[in-house]
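Next come the chains, spelled out residue by residue.
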Amino acid sequence: MPIPSNSQDFASAPNSSSVFSSQVKLSTQNLLAEVELLRLVANSQLTENKKIVMGQFLTPISVADLMAGMFNRQNLSDISLLDAGAGVGSLLAAFVAKLCKQQEHPLKLRIVAYEIDSVLINYLNQTLELCAEECQNTKIIFNYEVREQDFIEDAVRLLQPDLFYQPNSTTEFTHTIINPPYLKIKANSKVRKLLSSIGLETSNLYTGFMAATALLLKPGGEFIAITPRSFCNGLYFRDFRKMFLEIMALQQIHLFESRQEVFQDDDVLQETIIIHATKQKQKLDTVLISKSAGVNDDFVMTNSVLYTDLVHPDDSEQFIHIIPDTLSQQVVQQMSDFTCTLTDLGLKVSTGRVVDFRAKQYLRANPEKNTIPLLYPVNFVDGYVEYPKITKKPQALINVEATANLLVPNEHYVLCKRFSSKEEKRRIVAVVYDANRIDCTSVGFENHLNYFHKDGRGLDLNLARGLAIYLNSSLVDIFFRLFNGHTQVNATDLRSLKYPTLEQLISVGKRVGEKFPSQREIDAIVEIELLNMTNQPGNNPIVTKARIDEALQILTQLGFPRAQLNERSALTLVALLDLKPTDSWQSAAAPLMGITPIMEFMAQHYGKTYKPNTRETVRRQTVHQFLDAALIVANPDKLSRPINSPKTVYQIEESALELLRTYGSDEWEKSIHTYLASVETLKKRYAQEREMSRIPIEIEGEIKTLSPGGQNILIEKIISDFAPRFTPGGKLIYVGDTDEKFAHFNQAALADLGITVDSHGKMPDVIIHFIANNWLVLIEAVTSHGAINPKRQNELKNTFNRSKIPLVMVTAFLSRQAMIEYLTEIAWETDVWVAEDKTHLIHFNGQHLLQLHD
């Protein structure tokens, strides 16, 4: 029988290469894979209702691994870890895996895990036993305790010792890592009273968990949590922010561009962040802000910001302003020019008084005699209010004594939506309520609206128009996104903004007529009237954002899928056009650019700095798709250059360049229709050019060709070097090809072995029937991704589960350097072959051992 996948032995084949520390790395990778399997099984047993009631969503191992990697102080001799609300233990397992992979291990590790769900406790104990085995292998003295009790209740007990109980070293921790439950707390609940007893007033359980775990840390202890972003601002979390920021020093905040990807199994739509802090009152000078599209996206943007820019010292609300890039810093700087509060302006903002389900008996679908207009967000149209409107929402409220206190005088106001998501074009959506357009004495604003007023009365019309322009500007939108991480636009948020003077707002309002300006016109008015930036075009974040938005619009019209409709792809496009924020589209050029110069262009001209090791994401997730769409061409200066060469360059295709130079002109619509009609012909033309540079291979005496570059260079070496040495006399059954899916497929030979597979499925790159040993050898050629990890191993086993003969799996690399990046992923019971050491094979423990055949 094959050795189990969690075996700790690492056996080498004769003539095999030794690999430094690979045993530990591969073992910890198996630990994480097994814990992730436990999570998936446990998650399937939790009903959606139970998740909502408990407020608990289990952490994917990829998220846990990212979080555990943020700790700094892992070289202590004695480490104690707290995981409050541990679930199946994904977070603590990731922490253990990181410790075991270190060159220097701690002498002792103690873990305390809290969990009250009986289903999850069983899986949690399994995880901790796996961690115990891992620590035993690395000679770490390991102790753990599962506390099957309410964390908040026990934390309060620990934090309020009495005469018979005193805190000691076992009640404080050097590290804590948590994914706290997200659940609203009722005002008169037991947990609310418990949290009040330790000095915290909060409305959501997740901030209660954050506060209690922070208090249980030792001085200098490290805190990492993945939570909703909503605590960063708003009245409800003010007490928590003051308490947390008093005792903790922020070190890093990681943002996710996508709300859907982090907890995609559970459809969690809260905007989430990872926060890393240290328990100390002395704040750091700077805090690292990092950002990625999702947890599996290694295209990470980083920005180091001053602590005083993150949390303003004079801000009584202690809002946390998350500033991910230079463009955002420029916006913050420009917004600092505005110093007026609403109080300074003599204005107020309130929430609409009409809660429709409470006033249901007084609602009417359409205006009638003795009714008052009732306005909803649906009435917002082109900067003004459209009334009445054909909609499912009631449009009128009966004017009786019972509804009198729900109304305001029919005068001019600015209305603002209370709810919007980060995916919308603007987070703050404001319109002018022009009293001259509706004949009535009073009006009702529904509760999903905020309205600006002057002590309950209306505003001057020019002031209302100027205020709406300011709120709808891209400047305010970018700034608002920096500190608002939830879907609400609260009155408190609007009060916290700073505004231009009354004179400035009225001056802006005089520029607005019956037709509300477009977004481009709004931003131009703000620049001229409020920012005085006409002479500073090179430092204008609004122009920069507008250019990125234009590039996104172009990619949308070109028909690119959603995965490419992001900032990364937009910036790649403008870089390949050598188009700076203030350049006209007519000046677009077509330089030859590699991936590194593209990323340098993003940083220099658009203020977007990404980690250097994220180049491969640009190549895989944007450039590859641009090539497929014939938007760009690779190596036009030397078509024979392999696509994976470090000297590879890209260039905008000639016809695409002509098209893009018409953007914004009257010719654009006609040009893009013509281009889209001819793009298939362009693809065929470039396919013919690539054909001339294809790689020849010989299969059963017949010459076939592979597309140039990429993994096909490695596939050719597998056929010419690996096969004769390790599978002599073997029969090539399948050879994949990057462009054509496969170059050779002998389906009949596979069927003779009892296997029928879909060639469009997840086939390996090469399949060989090693006739001498009667083995089926499945080979993956890895030049950027695709090593045989435990997940891929299971996929291949399932695909070839009807095979009459044993399976042998091999991962092939071009060089040792390429292999090193994947050592922690390679599955047990598989082989690794490196083309530059073509006579050697590395065997990762198993029954079927390939040997060298001279």
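All values reported here derive from a predicted model rather than from experimental measurement.

Engineer: Pulling in residues and values, what's your account of the packing of aromatic side chains?
Structural biologist: By the definition in use, this model includes 27 aromatic pairs. An angle of 85° between the planes, with centres 5.4 Å apart, marks the rings of Phe338 and Tyr470 as edge-to-face. Taken together, the residues Phe338 in the loop between α11 (326-335) and α12 (342-345) and Tyr470 in helix α13 (residues 461-471) connect sequence positions 132 residues apart. Note on accessibility: Phe338 and Tyr470 belong to one class, buried. Taken together, the ring pairs connect Tyr182, Tyr206, Phe223, Phe231, Phe237, Phe240 and Phe244 into an aromatic cluster. Geometry around Tyr384 places Arg437 over its ring, the cationic atom sitting 3.8 Å from the centre.

Engineer: Can you lay out the packing of helix α19 (residues 567-576) against helix α20 (residues 595-606) for me, pointing to particular residues and giving the numbers?
Structural biologist: It is the contact of α19 with α20, at a shortest axis distance of 9 Å, that shows an interaxial angle of 95°. With respect to their mutual orientation, α19 and α20 come out roughly perpendicular. When α19 is examined against α20, the residues Arg568, Leu571, Thr572, Val574, Ala575 and Leu576 are found in contact with a partner set consisting of Ile598, Phe601, Met602 and Tyr606.

Engineer: Just give me the short version of helix α16 (residues 502-509), but keep the residues and values in it.
Structural biologist: Residues of α16 that are buried: Leu505, Val508 and Gly509. All buried residues of α16 fall inside an arc of 100° around its axis, so they share one side.

Engineer: Explain the sheet that holds strand β11 (residues 363-364) to me, using residue names and the numbers behind them.
Structural biologist: Taken together, 5 strands build an open sheet; the order of strands is β11-β15-β12-β19-β16 and the sheet is mixed. Whereas interior strands pair on both sides, the edge strands pair on one side only; in this sheet they are β11 and β16 (407-409). In this sheet, strand β19 (residues 442-445) lies alongside strand β12 (residues 371-375) in parallel orientation, the contact comprising 2 bridges. In the strand pairing of β19, Leu375 is matched with Phe445.

Engineer: So what about the pattern of salt bridges? Which residues, and what values?
Structural biologist: Here the structure, examined in full by the defined rule, presents 31 salt bridges. With its nearest N and O atoms 3.4 Å apart, the salt bridge here joins Lys98 to Asp65. Residue Lys98 is found in helix α4 (residues 90-101), and its partner Asp65 is found in helix α3 (residues 61-68); the two are separated by 33 residues along the sequence. Overall, the relative accessible area of 27% leaves Asp65 in the partly exposed class. The structure contains a network of salt bridges with shared partners spanning Glu145, Arg147, Asp154 and Arg157.

Engineer: Mind laying out the pairing of β19, listing which residues take part and the relevant values?
Structural biologist: Taking every second residue as pointing to the same face, both faces of β19 are buried, with Ser442 and Gly444 on one and Val443 and Phe445 on the other. Examined bridge by bridge, β16 and β19 share 3 bridges and lie antiparallel to one another. Within β19, the residue paired with Val408 across the bridge is Val443.

Engineer: Please set out unusual backbone geometry residue by residue, giving values where relevant.
Structural biologist: Pro388 follows Tyr387 through a cis peptide bond whose omega is -10°. If you trace the backbone, Pro388 turns up in the loop between β14 (384-385) and β15 (396-398). Of note in this structure, Gln318 is not a glycine but carries a positive phi near 55°. Structurally, Gln318 can be placed in the loop between α10 (307-310) and α11. Located in the positive-phi region is Glu829, a residue other than glycine, with phi close to 65°.

Engineer: Could you give an account of the pairing of β12, naming the residues involved and the relevant values?
Structural biologist: Remember that side chains alternate between the two faces of the sheet whenever the strand is regular. Where burial is concerned, most of β12 is hidden: 5 out of the 5 residues are buried. Here β12 pairs with β15 via 3 bridges, running antiparallel. Counted as the bridge partner of Pro373 is Ala396 from β15.

Calculation criteria
Residues numbered from 1 in each chain as written. Predicted model: local features only at pLDDT ≥ 70, side-chain atom pairs only at ≥ 80, totals over all residues. Heavy atoms only, no water. Phe/Tyr/Trp six-rings, centres within 6.5 Å; stacked < 30°, edge-to-face > 60°. Helix = DSSP H or I, 4+ residues; strand = E, 2+ residues; numbered from the N terminus. Buried < 20%, exposed > 50% of the residue type's maximum accessible area, 1.4 Å probe, protein only. Lys NZ or Arg CZ within 6 Å of the ring centre and 35° of its normal. Axes fitted to C-alpha atoms, helices over the stretch in contact; angles between N-to-C directions. Parallel < 35°, antiparallel > 145°, perpendicular 65-115°, else oblique. Contact = heavy atoms within 4.5 Å. Arc of directions from axis to C-beta. Pairing = 2+ DSSP bridges. Salt bridge = Lys/Arg side-chain N within 4 Å of Asp/Glu carboxyl O.

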